[in-house]
Number of protein chains: 2
Amino acid sequence: MDPLRWISDEYYELNGSSFDVLESPPTALEFARMTHISRPVLIKGFNGVLQVPAIERWTDEYLIKKMGSSAISVAVTPNGRADAVTPYDGKLYFAEPHIEQMTMGSFLSKLSPIEEVVKGRPETYYLQSQNGNLYSSQFYEGLDAPSEYEPLRDDVPSEVPWCSEALDRRPDAVNLWIGDSGSVSSIHSDPYENIYTVIRGAKHFTLLPPTEGWCLKERMYPHAAYTRSSDSPALELQPSSSDTPPVRWSSIAEPHLPGVLPSDAHPIHITVEKGDTLYLPAGWWHHVRQDGVTIALNWWYDMEMRGMNWVLLSFLRTLKDVPDGNEVEDNADEVSSIINATESE
Amino acid sequence: MDPLRWISDEYYELNGSSFDVLESPPTALEFARMTHISRPVLIKGFNGVLQVPAIERWTDEYLIKKMGSSAISVAVTPNGRADAVTPYDGKLYFAEPHIEQMTMGSFLSKLSPIEEVVKGRPETYYLQSQNGNLYSSQFYEGLDAPSEYEPLRDDVPSEVPWCSEALDRRPDAVNLWIGDSGSVSSIHSDPYENIYTVIRGAKHFTLLPPTEGWCLKERMYPHAAYTRSSDSPALELQPSSSDTPPVRWSSIAEPHLPGVLPSDAHPIHITVEKGDTLYLPAGWWHHVRQDGVTIALNWWYDMEMRGMNWVLLSFLRTLKDVPDGNEVEDNADEVSSIINATESE
């Protein structure tokens, strides 16, 4: 008996692949039950001006005026695939984006709601710093924790009341995300309870439970990062030095497409529209695409480490064999799907 | 890597073997968090007359007066070990008790707080029917569900408010337990969230997390039951017919004694005194002894089946190899420890 397959079969048999939709935010007690069940829930109604003012305030004009000439950090890639497996010089790498500083006005001018514009441009910009760019854990500890988005803090609550009360803790990080359909987040999982609210546009999530991670063909990939050298304005992938540890990542670039995942995987597709909030439980795998210019906020809360919760996620992760992504035999299909995905964006 | 050993090592490393003590009952939200962590908690203060009137009312005189000449079902064994592995005629059996009908007065007269009396008597009586003897699931469904202990229902709330609210359900069963130090519950686990309140005397729990079940040497044993035949008043063990399925049970009769469990097991010892309540999470293994004449109540709630909770308990159970208890090689020590335990009671 393969333990990972046994667990994922049983999990699917018991839970299916449906998700609940709440018409209004849960109470703290309801959310505590939700974290115990640990399945994704689409939450409507966490979008009033009293809850998340950003929803009603954040026009381009407002954002540009508030942020003025402040520099913000934006990820740049040639293909919209930051933090993804990328071919370069006959090898596959885990590629981090180039980070550029610019004003909000300059950044927003680089986004487009028009598919042809997105497809035709040589570079894709994505505000995805995800380091607690609005509020970080130091903020909650009362330490000086300046944010690049200080002028926008009035529009974003530093915590989600029903979540903080349920988990008896404050967030570890609150992030702002701004991008367009040119940017895709490759499939990965985080050890956080995640509250994800869309402010403008829409996000398409493809989700897999922690139990189905074994279907994702994780590999070890050497690290690389995009750079812009002084003598050429074009972005180039730069393999990192050999002492940079390799990165464990899924080799499945487009899990949202039909027929790409093995039949043992049961993906859940959830579109989060403007004003909707997704509860994405700790350890769930997610791939994220977006429609047009999309703005989102997320609150990351540390998961409950006591009891079996963390042990189980570790177990599902540890039991897997994770080969070197450049040494896997018979992986021609895998490599060509990665190349296709990279070039199609 | 042995998956069961890996999980139990990690679980112990993260959780240790301590338990929390609350000085007053939790709120529903606090209890919801407790079920997510799923570790035992000793709760003080769930014992006021407004909460559990039995605590202040249940003298022997009161119980006898209230119950009058009503017949109650009591378990009888020669050794106080109902539902336990028992040697008979050169073989080991899972032995169920004989059930006798008697009045409360007659039953209470068979119990003793005196150790010499307990040790010297040929039979042990234990009110342990555990079928929802006070309230069963039909009761909550509004169906006619008479209880042998109808006259005592006024003294026992049909649900635990903070538990029902946290779990968003009513109990599956509420049980009354009355016995003395002659009765021992052999180690086992239940798929229920268990709220266990001691009304008189004290109960000594030896607990193991679900992850350490692999240390308990579970075996399959043929089924048997004590009977009192018409021609002899003595109880005799009667093997059941061969179409009665064998019972899976731990072969460790006295896990509370030092040195009996393998070193990979980390038992938690909790004494629940009069007025104390134990939260015993679903799937936790428990062995229970008692001090003097002991009265207890327990509320069983169905565990949350959605998500990973049930899958994980099944996994820990299914992965184990469970041999025939009468066919295990080199089990002389095991058998003699069972025989010793059986004879020492």
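Here is what the cut-offs are and how they apply
- Residues numbered from 1 in each chain as written.
- Chains lettered and ligands numbered in written order.
- Predicted model: local features only at pLDDT ≥ 70, side-chain atom pairs only at ≥ 80, totals over all residues.
- Heavy atoms only, no water.
- Least-squares fit on C-alpha atoms with pLDDT ≥ 70 in both.
- Contact = heavy atoms within 4.5 Å.
- Buried < 20%, exposed > 50% of the residue type's maximum accessible area, 1.4 Å probe, protein only.
- Helix = DSSP H or I, 4+ residues; strand = E, 2+ residues; numbered from the N terminus.
- Axes fitted to C-alpha atoms, helices over the stretch in contact; angles between N-to-C directions.
- Parallel < 35°, antiparallel > 145°, perpendicular 65-115°, else oblique.
- Nonpolar A, V, L, I, M, F, W, Y, C, P; charged D, E, K, R; others polar.
- Salt bridge = Lys/Arg side-chain N within 4 Å of Asp/Glu carboxyl O.
- Pairing = 2+ DSSP bridges.
- Buried area = accessible area lost by both parts, 1.4 Å probe.
- Core = buried A, V, L, I, M, F, W, Y, C linked by side-chain atoms within 4.5 Å.
- Phe/Tyr/Trp six-rings, centres within 6.5 Å; stacked < 30°, edge-to-face > 60°.
- Lys NZ or Arg CZ within 6 Å of the ring centre and 35° of its normal.

In the nomenclature of an unreviewed UniProt entry, chain A is known as JmjC domain-containing protein of Marasmius crinis-equi.

Student: Give a description of the relation of the copies chain B and chain A that names residues and reports values.
Tutor: In the superposition of chain B on chain A (RMSD 0.0 Å, axial shift 0.0 Å), the rotation amounts to 180°. With respect to symmetry, the two chain copies, as superposed, fit the operation of a two-fold axis. Of the residues that chain B buries at the interface, 97% are likewise interface residues in chain A, meaning the two copies contact each other through the same surface.

Student: Can you break down helix 2 (residues 28–37) of chain A residue by residue, with the values?
Tutor: Residues and elements named next belong to chain A. Burial analysis of helix 2 places 8 of its 10 residues in the buried class, the great majority of the element. Among the residues of helix 2, those classed as buried are A28, L29, F31, A32, M34, T35, H36 and I37. In the segment just after helix 2, S38 is the residue with positive phi, at about 60°.

Student: Before we move on, could you go through the packing of helix 2 of chain A against helix 2 (residues 28–37) of chain B and cite the residues and values that matter?
Tutor: Across the interface, helix 2 of chain A lies against helix 2 of chain B with an axial gap of 9 Å and an inter-helix angle of 5°. On the basis of the axis angle, helix 2 of chain A is roughly parallel to helix 2 of chain B. On helix 2 of chain B, the residues touching A28, L29, A32, T35 and H36 of chain A of helix 2 of chain A are A28, L29, A32, T35 and H36 of chain B. Residues of the contact of helix 2 of chain A with helix 2 of chain B, tallied by class, amount to 6 nonpolar, 4 polar and no charged.

Student: Pulling in residues and values, what's your account of the pattern of salt bridges?
Tutor: Residue and element names in this part refer to chain A. Counting across every chain of the model gives 30 salt bridges over all chains. In this structure, R5 engages D264 in a salt bridge whose closest nitrogen and oxygen atoms are separated by 3.1 Å. Of this pair, R5 sits in helix 1 (residues 3–15) while D264 sits in the loop between strand 15 (247–250) and strand 16 (268–273), placing them 259 residues apart in sequence. Using a relative accessible area of 35% as the deciding quantity, one classes R5 as partly exposed.

Student: Could you give an account of the sheet that holds strand 3 (residues 72–77) of chain A, naming the residues involved and the relevant values?
Tutor: Residue and element names in this part refer to chain A. One open sheet accounts for 3 strands, arranged 6-3-7; its pairing is antiparallel. One side of each edge strand has no neighbouring strand; the edge strands of this open sheet are strand 6 (98–102) and strand 7 (124–126). In this sheet, neighbouring strand axes are inclined to one another by 40° on average, regardless of whether the strands run parallel or antiparallel. Bridge count between strand 3 and strand 6: 5 bridges; the pairing is antiparallel. Residue pairing across strands places I72 opposite M102, the latter belonging to strand 6.

Student: Any details on the interface of chain B and chain A? Residues and values, ideally.
Tutor: On the chain A side, the residues contacting the 34 residues of chain B number 33 residues. Taken together, both faces of the contact between chain B and chain A bury some 3100 Å²; the carbon and sulfur share is 74%. Summed over the shared surface of chain B and chain A, the number is 2 salt bridges. One salt bridge in this structure joins D168 of chain B and R33 of chain A, with 3.9 Å as the shortest N-O distance.

Student: Kindly report on the environment of W310 of chain A, identifying the contributing residues and their values.
Tutor: One can find W310 of chain A in helix 9 (residues 309–318). Classification of W310 of chain A as partly exposed rests on a relative accessible area of 29%. When the C-alpha atoms of W310 of chain A and S336 of chain A are compared, they prove to be 35 Å apart, with 26 residues separating the residues in sequence. If sequence neighbours within four positions are ignored, W310 of chain A has contacts with P191, M303, E304 and M305 of chain A together with L14 of chain B.

Student: Break down the pairing of strand 17 (residues 277–280) of chain A for me, with residues and values.
Tutor: Residues and elements named next belong to chain A. Burial along strand 17 is two-sided: the residues T277 and Y279 and L278 and L280 are all buried. When strand 2 (residues 41–43) meets strand 17, the two strands line up antiparallel, connected through 3 bridges. Residue pairing in the sheet places L42 in a bridge with L278 of strand 17. The pairing of strand 11 (residues 192–208) with strand 17 spans 4 bridges and is classified as antiparallel. Following the sheet pairing, I195 is matched in strand 17 by Y279.

Student: Pulling in residues and values, what's your account of the nonpolar core?
Tutor: Nonpolar side chains tend to gather and get buried jointly when the protein is soluble and globular. Within the largest apolar cluster, 104 residues are counted, with the highest numbers of intra-cluster contacts made by F107 of chain A together with F107 of chain B. Excluding residues that lie within four positions of it along the chain, F107 of chain A makes contacts with I72, V74, M102, Y125, Y126, L127 and I178 of chain A. Residues A296 of chain A together with V198, L280 and V311 of chain B belong to the second largest nonpolar core, which totals 48 residues.

Student: Could you give an account of the packing of aromatic side chains, with specific residues and numbers?
Tutor: Going through the model one piece at a time under the given rule, you end up with 28 aromatic pairs over all chains. An angle of 65° between the planes, with centres 5.9 Å apart, marks the rings of F46 of chain B and W299 of chain B as edge-to-face. Within this pair, whereas F46 of chain B is found in the loop between strand 2 (41–43) and helix 3 (54–57), its partner W299 of chain B is found in strand 18 (residues 285–302), the two being separated by 253 residues in sequence. Residue F46 of chain B shares its accessibility class with W299 of chain B, and that shared class is buried. Every member of this aromatic cluster is reached through a ring pair, and the members are F31, F46, W162, Y279 and W299 of chain A. Looking at K110 of chain A, its charged tip hangs above the ring of Y125 of chain A, at a distance of 4.7 Å from the centre.

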